[in-house]
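Descriptive analysis of the structure
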Amino acid sequence: MSSKRIDLPADLASAYQALLSEREMLQAERDLVAAERNTAVAHAAIAQAMLSDSEALIVRLELAIEKLRRELRGQRSERTARLIDQMELQLEELVMAATEDEVAAQVAAAKASNVRSFTRKRPVRKPWPENVERERRIIDPPTTCACCGGERLSKLGEDVNETLEEIPRRFIVIETVREKFTCRDCEAISQPPAPFHATPRGFIGPHLLATILFDKFGMHSPLNRQSTRFKSEGIELSTSTLADQVGFGAAALMPVFDLIESHVFAAERLHGDDTTIPVQAKDKCTTGRIWTYVCDDRPFGGKAAPAAIYYASSDRRGEHPQKHLASYSGILQSDCYNGFEPLSVAETKAVPITFAFCHAHARRKFFELADIQKSARDRKRKGKPISPIALEAVQRYDALFEIERQINGLSAEKRMAVRQEKSKPLFDDMHEWLKRERATLSKSSEVIGPIDYMLKRWDGFARFLDDGRICLTNNAAERALRGIALGRRNWTFAGSQRGADRAAVMLTFITTCRLNDIDPKAWLADVLDRIAEHPASRLHELLPWQWKRLREPEKAQVQPIA
């Protein structure tokens, strides 16, 4: 058996050329394989980017639908708010993943010359606010024509790209100089008086002090974290120094706190509620309380400015809210906590408090027994079916809440008229239905608790039918306490009872500013700058709503920067 003969080059030059030719063929094959691989990788990357973009788009649309549905029909269930929060977190992660996949697809497409790059369709971004400082940077224009090299160029227009940038905080030390002069006739020394400061010796300026106060009580950033941040920016401010300044600032603002307190308790109707706050004691943390009372007449078209007051206590004993409400005799919307004003206290007052109970609390008790998903997750229920009575109670409540959404913002008289016409028949029928169902239930039924919760306090729950000022829920107070519940994760506990009291004072200012659509930090900075020299007879001008009204003419005179 003979092998096939291979013709080899006769000379060295021919052999060299043959090797080069073979090498070029192998390189061409490798290039072709690499190009095919790059194309396949690019297609795969683009497919992954499109998939990620589609997933993000789906969640974005679902989130928008839920928000629109909630605005149109209101909160249909206790789970809606949690669902929206979860969807926002999910959307955040999906958008970041889609952006990463888009960048990977663009890199892969750049390697494959025959594949078109993928670019995601992003939602239309709102323009940057007009009052934000702008810096115009003009790129050096061409001096000659890129086509023919001519120098006779005339401006046709321009393309502007706006980029939002951050300038790190700039600290400045203000040297306030008081020059001394001596009289050549009598040798007496003359010097201008020292300016007033919110804190002794003006160690920290009002704007910086406002930032420290707002970050601590409004953004829940403890002073030790603020101290670390200042140090990273080149400023040494120890935690004890910051605490010292916070104490001075809170003390300086106490006269305004007293005015807000008087304004709140002069209201015809209040929302009241409380939440827990851990307070550090000598050897352990105790569970204290933060109480809030909110004046907000906007649901029935009232003219009084909205405001909120906070107090701190070491426990939930009734003596604390009774002290807060000792001189109050209006309407108090709250849960059914009897410590606000028990019968023994009410009998001693000329005009006792009129209580209107929160229907959101009552509905929530029924909803917990009608929540299918929660029942499936709850091991204690061991697969028990949802309560049909609780489900019907939730549906009856939904009809009442739908009427309330329609009359929100109307006058008290119109609200009461609509309630008498539409809500009263539904509520009276619900009363009779609850009594009938209660008579048929055994003592072991879970739904007895929510039913008794309402039937034993029916007059307080029905009071909204005869007074248009009363809201169906106590959500105003619950919203005022929501920030504290979120902040507990950051600051863990209050350092002392005095610290809890100080937090209550500062929360009063911050929440009242937010209720009046005012930037709390701007208000704090301005008031801290002026309060030392402000006449006591005009102290009311520093109240957030008065401060806003007095500044509106100043804003109208300021022309926007072109």
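Residues numbered from 1 in each chain as written. Predicted model: local features only at pLDDT ≥ 70, side-chain atom pairs only at ≥ 80, totals over all residues. Heavy atoms only, no water.

We now examine the overall build of the protein. A tally of helices and strands in the protein yields 18 helices and seven strands. The burial tally for the protein puts 38% of its 562 residues in the buried class. The contacts of the protein with a sequence gap of at least 6 include a subset with a gap of at least 24, amounting to 66%. Counting only carbon and sulfur atoms, one obtains 54% of the accessible surface of the protein, whose full area is about 36100 Å². (Helix = DSSP H or I, 4+ residues; strand = E, 2+ residues; numbered from the N terminus. Buried < 20%, exposed > 50% of the residue type's maximum accessible area, 1.4 Å probe, protein only. Contact = heavy atoms within 4.5 Å. Areas by Shrake-Rupley, 256 points an atom, 1.4 Å probe, with all protein chains shown as cover.)

Moving on: the pairing of strand β4 (residues 285–295). Counting buried positions over the eleven residues of β4 gives eight, a clear majority of the element. Pairing of strand β3 (residues 269–280) with β4, which is carried by ten bridges, proceeds in the antiparallel orientation. When the sheet's bridge partners are listed, His271 is paired in β4 with Val294. With seven bridges connecting them, β4 and strand β5 (residues 307–313) associate as antiparallel partners. Counted as the bridge partner of Tyr293 is Ile309 from β5. (Pairing = 2+ DSSP bridges.)

As a further point, take the nonpolar core. One finds Leu270, Tyr293, Phe366, Phe427, Met454, Phe509 and Trp523 to be the most contacted residues of the largest nonpolar core, which totals 86 residues. For this core, the leading source of residues is helix α11 (residues 388–407), giving seven residues. Tyr310, Ala476, Ile484 and Ala500 belong to the second-largest nonpolar core, a separate cluster that totals 14 residues. (Core = buried A, V, L, I, M, F, W, Y, C linked by side-chain atoms within 4.5 Å.)

The next point concerns the packing of aromatic side chains. For any pair of aromatic rings, the description consists of the separation of the ring centres together with the inter-plane angle of the planes. In total, this model carries 17 aromatic pairs according to the counting rule given. Put simply, the rings of Phe257, Phe265, Tyr293, Tyr311, Tyr328, Phe509 and Trp523 touch in pairs and so form one group of aromatic residues. Lying over the aromatic face of Phe217, Lys216 brings its terminal NZ or CZ to 5.2 Å of the ring centre. Geometry around Tyr337 places Arg316 over its ring, the cationic atom sitting 4.1 Å from the centre. (Phe/Tyr/Trp six-rings, centres within 6.5 Å; stacked < 30°, edge-to-face > 60°. Lys NZ or Arg CZ within 6 Å of the ring centre and 35° of its normal.)

Turning to unusual backbone geometry, a few remarks are in order. Phi angles above zero are rare outside glycine, and Glu187 is one such case at about 65°. Among the secondary structure elements, Glu187 is positioned in the loop between β1 (181–182) and β2 (189–190). Positive phi is not limited to glycine here, since Asp517 has a value of about 55°. Looking at the secondary structure, you find Asp517 in the loop between α16 (497–515) and α17 (520–530).

Read across the sheet, five strands follow the order β5-β4-β3-β6-β7 without closing on themselves; strand pairing throughout is mixed. Here the strands that pair on one side only, and so sit at the sheet edges, are β5 and β7 (354–357). On average, adjacent strands in this sheet sit at an angle of 30° to one another, irrespective of strand direction. Running at roughly 110° to β5, helix α6 (residues 254–264) makes contact with β3, β4 and β5 of the sheet. Docked against the sheet, α16 engages β3, β4 and β5, running at close to 170° with respect to β5. (Axes fitted to C-alpha atoms, helices over the stretch in contact; angles between N-to-C directions.)

A word on the side chain of Glu404. Position of Glu404 relative to the elements: it lies in helix α11. Judged by relative accessible area, which is 10%, Glu404 ranks as buried. Once you skip the residues sitting within four places of it in the chain, Glu404 turns out to touch Arg415, Arg419, Ser423, Phe464 and Leu472.

The subject of this paragraph is helix α5 (residues 239–252). An ideal rise of 1.5 Å per residue puts 20 Å on 14 residues; α5 measures up with 20 Å between its terminal C-alpha atoms. Packed against the buried residues of α5 are α3 (206–217), α4 (223–232), α6, α16 and α17. (Expected span 1.5 Å × (residues − 1).)

Attention now goes to the pairing of β3. In terms of residue burial, β3 counts as a mostly covered element, since nine of its twelve residues are buried. By the bridge criterion, three bridges tie β3 to strand β6 (residues 331–334) in an arrangement that is parallel. Paired with His271 across the two strands is Gln333, which belongs to β6.

We now examine the packing of α6 against α16. Following both chains from N to C, one finds α6 and α16 inclined at 65°, their axes separated by 10 Å at the closest point. Helix-helix and strand crossings are classified by hand; for α6 and α16 the assignment is left-handed. For the pair α6 and α16, the contacting residues are Met254, Val256, Phe257 and Ile260 in the first and Val505, Thr508, Phe509 and Thr512 in the second. In terms of residue class, the contact of α6 with α16 is made up of six nonpolar, two polar and no charged. (Left-handed = near helix turned anticlockwise from the far one by under 90°. Nonpolar A, V, L, I, M, F, W, Y, C, P; charged D, E, K, R; others polar.)

Quick look at the pattern of salt bridges now. Enumeration according to the criterion identifies 23 salt bridges in this entry. Taking the shortest distance from any N to any O, the salt bridge between Asp274 and Arg316 comes out at 3.0 Å. On the criterion of sequence distance, the pair formed by Asp274 in strand β3 and Arg316 in the loop between β5 and α7 (319–324) is long-range, its members being 42 residues apart. The salt bridge partner of Arg405 is Glu402, with a shortest N-O separation of 3.0 Å. Of this pair, Arg405 and Glu402 are both found in helix α11, three residues apart, which corresponds to roughly one turn of the helix. Overall, Glu402 belongs to the partly exposed group, its relative accessible area being 29%. Among the charged side chains, a salt-bridge network with shared partners connects Asp274, Arg289, Arg316 and Asp335. (Salt bridge = Lys/Arg side-chain N within 4 Å of Asp/Glu carboxyl O.)

A separate point is the environment of Ala504. In this fold, Ala504 is placed in helix α16. Given the relative accessible area of 2%, Ala504 is considered buried. Those residues in contact with Ala504 that sit more than four places away from it in its chain are Ile290, Tyr310, Tyr311 and Ala312.

By secondary structure assignment, the location of Ala476 is in helix α15 (residues 475–491). Measuring from C-alpha to C-alpha, the distance between Ala476 and Cys295 comes to 8.6 Å, with 181 residues separating the pair along the chain. In this structure, Ala476 is in contact with His271 and Val294, ignoring residues within four places of it in sequence.

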